[in-house]
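# Coordinates in review
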Amino acid sequence: RRRHIIFAKNGDDNMSYIIRAMTRDGSARAVVMDSRDIVERAREIHGTTPTATAALGRTLTAASLMGCLMGNKDDLLTLRFKGDGNGGSIVVSSDYLGNVRGFIQHPDVDLPLKTNGKLDVAGCVGKGLLYVLRDTGEKEPYIGISDITSGEIAEDIAAYYAKSEQIPTLCALGVLVGVDYSVETAGGVLIQLLPNADEGTIDILEKNAAELPPLTAMLKTMKPEEVLAQYLKGIEFDIFDSMDCSYVCTCSRERTEAALVSLGKKELDELIADGGAELSCQFCDKKYKFSASDLRGLLNKIENTKEG
């Protein structure tokens, strides 16, 4: 008797933190995080409306939870929700410590509340495809693709793991936005069954998840350790580490210069004729200005490289 767990809940300084745990019988591993500060920082950067804040915030949290399960310091994970909803595409990247950055194509999307009074994240995301890219330093990164099943993010992550990686997964994500549009609480839970998981442990996990209140309600009064204890109530487990994580963008002037060089001589000549260029990072909105003189210097690099 073996089941796939595919269930999820979406509730509702820049430093967040993650705890990682394992059940003592080796049946499951669990990761829980408080991501409020990360999601609030993303809201400040992108000026998102409440619906966009929830959609982007859930995706940032999911990527952080998934990213911290990678094994090496140079590993990178990217989630891309390419749906037909009003918010457009959502792209988020995470490193192995759970540090994340991301953006939503239409941060100003403003949808009416659903009949139950909750933000319409599914309408923001829509139907389409979820792409999961893992760059582990190999010649080609791993790319997993699955259908967006609900647009609620947590259910889509759980379905991706079950269908694409055959890992029964419980995923809960929550972002609660206040009346002033700031983020009051945000966080996530990811619990995955390991090979030969005990059926009794599976039963308890299912029972606990069905009885728990929305994650955002729990995070109002509980720390991640207390949230974990509720999800694993009746199961012996050990927390083996915790880590701080943040909204971190890896853009730099050097990387922007490389992007300009990749445009080639013709494009650079046109930018020089226009008097310069200003490039903005999609992830953090930082602006990099290049004068005509700067661009001529980059053009010289291209020509010197060719001569060499």
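Here the structure is shown first, and the text comes after it.
My aim in this report is to walk through the structure given alongside it, one point at a time. (Residues numbered from 1 in each chain as written. Predicted model: local features only at pLDDT ≥ 70, side-chain atom pairs only at ≥ 80, totals over all residues. Heavy atoms only, no water.)

### Here we look at the overall build of the chain
How we decide: Helix and strand assignments follow DSSP, with helices taken as H or I runs no shorter than four residues and strands as E runs no shorter than two, numbered in order from the N terminus. For every residue, the accessible area obtained with a 1.4 Å probe (protein chains only) is divided by the maximum for its type, and the residue is called buried under 20%, exposed over 50%, and partly exposed between those limits. Residue exposure ignores everything except the shown protein chains as possible cover, and the areas themselves are Shrake-Rupley values with a 1.4 Å probe. This count recognises Lys and Arg as positive and Asp and Glu as negative, with His and chain-terminal groups excluded. Every charge is mapped onto a representative atom, which is NZ of Lys, CZ of Arg, CG of Asp or CD of Glu.
Counting its regular elements, the chain contains 10 helices and 13 strands. Dimensions of the chain, computed from C-alpha atoms along their principal axes, come out at roughly 70 × 45 × 35 Å. Split into buried and exposed, the 308 residues of the chain put 51% on the buried side. Looking at the chain as shown, the accessible area adds up to about 14400 Å², and 49% of this sits on carbon and sulfur atoms. Within the chain, the 46 negative side-chain charges are centred at a point lying 1 Å from the centre of the 35 positive side-chain charges.

### Focus on the packing of aromatic side chains
Here is the rule: In this analysis, rings of Phe, Tyr and Trp, with Trp reduced to its six-membered ring, are considered paired at centre separations within 6.5 Å, and the interplanar angle assigns stacked below 30 degrees, edge-to-face beyond 60, and tilted for intermediate values.
As enumerated under the stated definition, the model contains 2 aromatic pairs in all. Between the aromatic rings of Phe103 and Phe283, the centroid separation amounts to 5.3 Å while the plane-to-plane angle is 70 degrees, which identifies the pairing as edge-to-face. With Phe103 in strand β6 (residues 100-104) and Phe283 in the loop between β12 (276-280) and β13 (287-291), this residue pair connects regions lying 180 residues apart in the sequence. In this pair, the class of Phe103 matches that of Phe283, namely buried.

### Looking at the nonpolar core
How we decide: Remark: nonpolar core denotes a set of buried residues (Ala, Val, Leu, Ile, Met, Phe, Trp, Tyr, Cys) joined through side-chain atoms within 4.5 Å.
Within the largest apolar cluster, 54 residues are counted, with the highest numbers of intra-cluster contacts made by Leu60, Met66, Leu79, Phe81, Ile90, Val125 and Ile157. The greatest single-element share of this core, amounting to 9 residues, is contributed by helix α2 (residues 50-67). Listed in part, the 23 residues of the second largest apolar core include Ala197, Ile202, Leu205 and Leu219.

### Side note on a nonpolar patch on the surface
We apply this condition: Every patch collects residues that have over 30% relative accessible area and no salt bridge, joining them within 9 Å if they carry like charges and within 5 Å if they are nonpolar side chains (Val, Leu, Ile, Met, Phe, Trp, Tyr). Salt bridge, as applied in this entry: a Lys or Arg side-chain nitrogen positioned within 4 Å of an Asp or Glu carboxyl oxygen.
A cluster of nonpolar residues, Leu129, Ile143 and Ile145, forms a patch on the protein surface that exposes about 250 Å² of accessible area. With respect to the helices and strands, the residue Leu129 is situated in strand β7 (residues 128-135). You can call Leu129 partly exposed: its relative accessible area is 30%.

### Quick notes on the side chain of Thr169
What counts here: Two N or O atoms count as a polar contact when they lie within 3.5 Å, although within protein this holds only if one can serve as hydrogen donor and the other as acceptor, and sequence-adjacent residues are included solely when both atoms are side-chain atoms.
The topology assignment puts Thr169 in strand β9 (residues 169-177). Side-chain polar atoms of Thr169 contact the backbone oxygen of Ile167, separated by 2.9 Å. Of the polar contacts made by the side chain of Thr169, one reaches the side chain of Gln192; its length is 3.4 Å.

### Re the pattern of salt bridges
Under the defined criterion, the tally for this structure stands at 13 salt bridges. A salt bridge links Arg24 to Asp238, with the nearest nitrogen and oxygen atoms 3.1 Å apart. With Arg24 in the loop between β2 (15-23) and β3 (28-34) and Asp238 in strand β11 (residues 237-246), the pair connects residues that are 214 residues apart, well separated along the chain. Residue classification places Arg24 among the exposed residues on the basis of a relative accessible area of 52%. Here Asp238 falls in the partly exposed class, since its relative accessible area comes to 37%. Connected via shared salt-bridge partners are Arg58, Lys114 and Glu152.

### Some thoughts on the pairing of β13
Each regular strand carries side chains that alternate between the two faces of the sheet. Formally: Between any two strands, at least two bridges found by DSSP are needed for them to pair.
Here β13 shows one buried face, formed by Tyr288 and Phe290, and one open face, formed by Lys287, Lys289 and Ser291. As defined by bridge partners, β12 adjoins β13 across 5 bridges and the pair is classed as antiparallel. Bridge pairing in β13 links Leu279 to Tyr288.

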